[in-house]
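So the chains spell out like this:
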Amino acid sequence: MPAIVVDGVSKKYLAGKSEVVALHPTTFSVEQGELFGCIGPDGAGKTTLIRIMTTLLLADEGSVTISGLDAVRDYAAIRQRIGYMPGKFSLYQDLSVEENLRFFATIFKTQVEENMHLIYDIYKQLEPFKKRPAGKLSGGMKQKLALCCAMVHKPEVLFLDEPTTGVDAVSRKEFWDMLQRLKQQGITIFVSTPYMDEASLCDRVALIQEGRILSVDTPKQIINQYPKRILAAKGTNMYALLKLLKQQTYVEMAYPFGDYHHVVIQPEDDKAAEQIRALGATEVMPCEPSIEDSFIMAMQQKTNSTS
Ligand code: ADP
Ligand code: MG
């Protein structure tokens, strides 16, 4: 039995007199023990999806099951079995680290000590500050405390909504290490993020944009299925180069990528590199697609198919 089954789930919001489609009918499932990433920009529908899966929001259509339990009928049982770390800091700012943990343990009728082994790795970093009000912790420490609080009742499935947004690079890395360790303990993890470089840390990822899942696969497969070839090009005037690249018929797409422009060409086009040099590029080299390139391609294909 999969840990999560989302079947045809959709959601609209009423904003004044108009409707906003936050989620088009969406279907996917997450296996037990998987670390599953939901990657997409602001407004893509990640929080809406998580709130439906965590029984906090009703879908307009479709169904969700968590460990075989129905999100509408069995919501109370589901809440006992899942952990949820919302995007916005959700702890009691005036309560100390210890008090927050105890509070969440009490809600779930358990004791902090009971599942300390699950969170000890994380908690030991917080322990020196256990008397400090949560509101006075650093960003990275707040994330750790929020994760501990979401884990205190030993959930089977953990939902994390953008846990690394606004966290510095070192703390982000540490946070993902912690998720890997929780996964090793058999916990299913659903995590949303706007950072595409985090995709490679997941077993599978769903790329989501404007309320639609564009693809669900392992990061490796997503990259392997990239249908075109990419050249990385650099010039002395990057802006002028990009403008020129976009005008060439053999160029399918061109966009800035780090210090280079990525130029998408047909797989069999072996004249392009030379032609791009003729446009004034000083450096042109083949380039492996990344998840970000795949995402840009998927968005482009979607735009083409709906226009
Ligand atoms: P994400 O978490 O990926 O940023 P959300 O699920 O928060 O995306 O939002 C998806 C879409 O739904 C966005 O267009 C957002 O503006 C809209 N939306 C979210 N919550 C509400 C709400 N309570 N009322 C109206 N529109 C909303
Ligand atoms: Mg969100």
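What you see is a predicted model, and the numbers here were worked out from it, not measured in a lab.

### Considering the overall build of the chain
Consideration 1: A tally of helices and strands in the chain yields 10 helices and 14 strands.
Consideration 2: Seen through its principal axes, the chain has C-alpha atoms that stretch 70 × 45 × 40 Å.
Consideration 3: The burial tally for the chain puts 38% of its 307 residues in the buried class.
Consideration 4: Pairs at least 24 residues apart make up 70% of the contacts formed inside the chain by residues separated by at least 6 positions.

### Digging into the site of ligand 1
Consideration 1: Around ligand 1 sit Tyr 13, Ala 15, Val 20, Ala 22, Gly 40, Asp 42, Gly 43, Ala 44, Gly 45, Lys 46, Thr 47 and Thr 48, and those are all the residues in its vicinity.
Consideration 2: Secondary-structure elements contributing two or more residues to the shell around ligand 1 are strand E1 (4–15), strand E2 (18–30) and helix H1 (46–53).
Consideration 3: Class assignment of the residues belonging to the shell around ligand 1 gives a composition of 5 nonpolar, 5 polar and 2 charged.

### With respect to the domain arrangement of the chain
Consideration 1: Splitting the chain by domain gives domain 1 (4–223) and domain 2 (227–288).
Consideration 2: For domain 1 and domain 2, the distance between their C-alpha centres works out to 39 Å.

### Points about the nonpolar core
Consideration 1: In terms of nonpolar packing, the biggest core is built from 67 residues, with Met 53, Cys 148 and Ile 189 touching the most fellow members.
Consideration 2: At 7 residues, helix H5 (residues 139–151) tops the list of elements feeding residues into this core.
Consideration 3: Apart from residues lying up to four places away in sequence, Ile 189 is in contact with Leu 35, Phe 36, Leu 158, Leu 160, Leu 179, Leu 182 and Lys 183.
Consideration 4: One finds Ile 230, Val 251, Ala 254 and Ile 276 within the second-largest nonpolar core, a separate group that totals 14 residues.

### Structural notes on the sheet that holds strand E6 (residues 82–85)
Pairing between the strands of a sheet is mediated by backbone hydrogen bonds and can be parallel or antiparallel.
Consideration 1: Here 6 strands make up an open sheet; going across it, the order is E6-E7-E8-E3-E9-E10 and the pairing mixed. The open sheet has two edge strands with one neighbour each: E6 and strand E10 (212–217). Strand-to-strand twist of the sheet, defined as the mean angle between neighbouring strand axes without regard to direction, takes the value 15°.
Consideration 2: Sitting on the sheet, H5 is in contact with E6 and strand E7 (157–161), with an inclination near 160° to E6.

Conventions and cut-offs
- Residues numbered from 1 in each chain as written.
- Chains lettered and ligands numbered in written order.
- Predicted model: local features only at pLDDT ≥ 70, side-chain atom pairs only at ≥ 80, totals over all residues.
- Helix = DSSP H or I, 4+ residues; strand = E, 2+ residues; numbered from the N terminus.
- Buried ≥ 20, exposed ≤ 12 C-beta atoms within 10 Å, placed from the backbone.
- Contact = placed C-beta atoms within 7 Å.
- Near = placed C-beta within 6 Å.
- Nonpolar A, V, L, I, M, F, W, Y, C, P; charged D, E, K, R; others polar.
- Domains from an automatic or database assignment.
- Core = buried A, V, L, I, M, F, W, Y, C linked by C-beta atoms within 7 Å.
- Pairing = 2+ DSSP bridges.
- Axes fitted to C-alpha atoms, helices over the stretch in contact; angles between N-to-C directions.

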